[in-house]
Amino acid sequence: MESIIPLDLNFQGFPGVIAAYLLPHTHGAALVESGPGSTQDALQNALAVHGFLPADITDLFLTHIHLDHAGAAGWLANQGAHVYVHEAGAPHLLDPTKLLASARRIYGEHMDALWGEFLPVPADRLTALRDEDVVQVGRLCLRALDTPGHANHHMAYLFEDVIFSGDIGGVRVRGLETISVPMPPPELHLEKWRQSAARLAALPAQRIAPTHFGLYSDPANHLARLVSRLEAISSWIEQAMPSNPAPDQLEHAYTAWVQEQDRSAGLSAEQSQAVESVNPAYMSAAGIQRYWQKIRQAKAET
Ligand SMILES: [Zn+2]
């Protein structure tokens, strides 16, 4: 069995919230996720601990193009890594202008401090993946699984007995049982999310590795808890959204609900902050608003 080394990128000073996964092979290593541009130094240091330079990364597999997963992809590509990404995400790596403008609408003045630089990936270093594509890197073999719900350009990867679940497997900060659901605009789609979760649950996997964070040996249990959290969110949305709350009211109400969930799960204030660092409630509130208008109200009108 090949080894998988989780690298902790210490995002915003929080340990155990953003991972890149190192897969050594005979002539270097592959990486699943690059992390954001703001943690390039942390990535370089974590690689060095295991005897690797950034230039030793031959292949980089991205679950999707959000800044916390793919921000350092261009930087690694410039040092020789070949990048794999969902075909719908590939154009945004070649030219990140629109992606960055959309992220700036969510993060505003905090954008640069949070995410750092996001360099484009050169076309000759990029492969666009489709559902069920299989990529072989030396002895390593990864199978791409189109898994929408969090974003339309999301791939999970099956590698031996491990699912690299990106964000579609939810957020499970290191050391916590709680699974939370990151729901950014504009492509959040809860029905697709449930289908993707069911697809992952049917895989022959013994472990699951969400990008946020770690390698867990209870994939069935993990995914069952994800589904129950999705159900709780759906019920909350059905109760909160018909009155069409203003964006700030929605953010306030959703933040209060998340805090109540955290409290009843026994999370400390510090643990809640760690979750919030990679899954801010204001981001999910914006995603819920967009989902409600674009998907639910559109469906109700037809
Ligand atoms: Zn994401």
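Attention here is on the structure that accompanies the text. (Residues numbered from 1 in each chain as written. Predicted model: local features only at pLDDT ≥ 70, side-chain atom pairs only at ≥ 80, totals over all residues. Heavy atoms only, no water.)

## Structural notes on the overall build of the protein
This is how the line gets drawn: Secondary structure follows DSSP: runs of H or I at least 4 residues long count as helices, runs of E at least 2 residues long count as strands, and numbering of each begins at the N terminus. Atoms counted for the radius of gyration: C-alpha only. Globule rule: 2.2 Å times residue count to the power 0.38. For every residue, the accessible area (1.4 Å probe, protein chains only) is compared with the maximum for its type, and the residue is labelled buried under 20%, exposed over 50%, or partly exposed between those bounds. The criterion used for residue contact is that any of the two residues' heavy atoms lie within 4.5 Å. Areas reported here follow the Shrake-Rupley algorithm with a probe of radius 1.4 Å; residue values treat only the protein chains shown as occluding. Note that His is not counted, nor are the chain ends; the positive residues are Lys and Arg, and the negative ones are Asp and Glu. Throughout, a charge is located at the NZ atom of Lys, the CZ atom of Arg, the CG atom of Asp or the CD atom of Glu.
The helix and strand inventory of the protein stands at 11 helices and 11 strands. By the compact-globule yardstick of 19 Å for 302 residues, the protein fits well, its C-alpha radius of gyration being 18 Å. A burial count over the protein gives 56% of its 302 residues as buried. Taking the contacts inside the protein whose residues are at least 6 apart along the sequence as the reference set, 70% of them involve residues at least 24 apart. Of the roughly 12500 Å² of accessible surface on the protein, a fraction of 51% belongs to carbon and sulfur atoms. Across the protein, the centroid of the 20 positively charged side chains sits 5 Å from that of the 33 negatively charged ones.

## Some thoughts on empty space enclosed by the protein
Rules: Here a cavity is any set of points on a 1 Å grid over the protein atoms alone where a 1.4 Å probe fits but cannot get out, and a pocket is any open set with protein on both sides within 12 Å along at least 5 of 7 lines; a residue lines the site when it has an atom within 4 Å of a point. Grid points are joined across faces, edges and corners, and a volume is the space filled by probe spheres set on the points.
Taken as a whole, this structure holds 1 cavity of 30 Å³ or more when the rule is applied. When its volume is computed, the largest cavity comes out at roughly 90 Å³. Along the walls of the largest cavity sit T178, S180, R229, Y254, V258, D262, V275, E276, N279, P280, A281 and S284, which together make up its complete lining. At the level of elements, α9 (247-264), α10 (269-278) and α11 (281-301) are the ones that each hand at least two residues to the lining of the largest cavity.

## Quick look at the environment of R125
For R125, the location among the structural elements is in the loop between α6 (111-115) and β6 (126-129). In this structure the C-alpha to C-alpha distance between R125 and H69, which are 56 residues apart in sequence, comes to 18 Å. Sequence-distant contacts of R125, that is, excluding residues within four places in its chain, are made with A77, N78, G80, A81, H82 and V83.

## A few points about the sheet that holds strand β11 (residues 207-210)
Let me state the cut-off plainly: Between any two strands, pairing holds if DSSP finds at least two bridges. Only the contacting stretch of a helix is used when fitting its axis, a line to C-alpha atoms as for every element, and angles between N-to-C directions run 0 to 180 degrees.
Here we have 5 strands laid out as an open sheet, ordered β7-β8-β9-β10-β11, and mixed in their pairing. At either end of the open sheet lies a strand with only one pairing partner, and these are β7 (134-137) and β11. The mean inter-strand angle of the sheet, taken between neighbouring strand axes irrespective of direction, is 25 degrees.

## Looking at the nonpolar core
We count it as follows: The nonpolar core is taken to be a set of buried Ala, Val, Leu, Ile, Met, Phe, Trp, Tyr and Cys residues, with the residues joined through side-chain atoms within 4.5 Å.
Core analysis: the biggest nonpolar cluster contains 48 residues, and L22, L31, L43 and L93 have the highest contact counts within it. When residues in this core are grouped by element, the largest group, 4 residues, is from helix α3 (residues 73-77). The residues touching L43, leaving out its near neighbours within four places in the chain, are L7, L9, A20, L31, S34, W75 and L76. One finds I208, Y216, M241 and A281 within the second-largest nonpolar core, a separate group that totals 35 residues.

## Remarks on the packing of aromatic side chains
We count it as follows: A pair of Phe, Tyr and Trp rings is counted when the ring centres sit within 6.5 Å of each other, with Trp represented by its six-membered ring. The angle between the planes then sorts it: under 30 degrees is stacked, over 60 is edge-to-face, the rest tilted.
Scanning the entire structure with this criterion turns up 9 aromatic pairs. An aromatic cluster is defined as three or more aromatic residues linked by ring pairs; in this entry it consists of F11, Y107 and W115.

## Notes on the side chain of S196
By the secondary structure assignment, S196 is in helix α7 (residues 190-201). Once residues lying within four places of it in the same chain are set aside, the contact partners of S196 are T147, P148 and I168.

## A closer look at the packing of α9 against α11
Cut-off, in case you're wondering: Orientation labels follow simple angle bins: below 35 degrees gives roughly parallel, above 145 gives roughly antiparallel, 65 to 115 gives roughly perpendicular, and whatever is left gives oblique. Should the near helix be turned anticlockwise from the far one by less than a right angle, the crossing is termed left-handed; should it be turned clockwise, right-handed.
Viewed as axis vectors pointing N to C, α9 and α11 meet at an angle of 125 degrees, and their least axial separation amounts to 9 Å. Viewed along their axes, α9 and α11 adopt a mutual orientation that is oblique. Once α9 is placed against α11, the crossing between them reads as right-handed. Facing P247, L250, E251, Y254 and T255 of α9, the residues of α11 in contact are A281, Y282, S284, A285, I288 and Q289.

## As for the pairing of strand β3 (residues 28-32)
Among the 5 residues of β3, 5 are classified as buried, and the element is accordingly described as predominantly covered. Taking every second residue as pointing to the same face, both faces of β3 are buried, with G28, A30 and V32 on one and A29 and L31 on the other. Examined bridge by bridge, strand β2 (residues 19-25) and β3 share 5 bridges and lie antiparallel to one another. Residue pairing for β3: Y21 is matched across the bridge by V32. Linking two consecutive strands that pair antiparallel, namely β2 and β3, is a turn of 2 residues. Where β3 lies against strand β4 (residues 57-61), 4 bridges are found, and the strand directions are parallel. Its bridge partner being in β4, V32 is matched across the sheet by F61.

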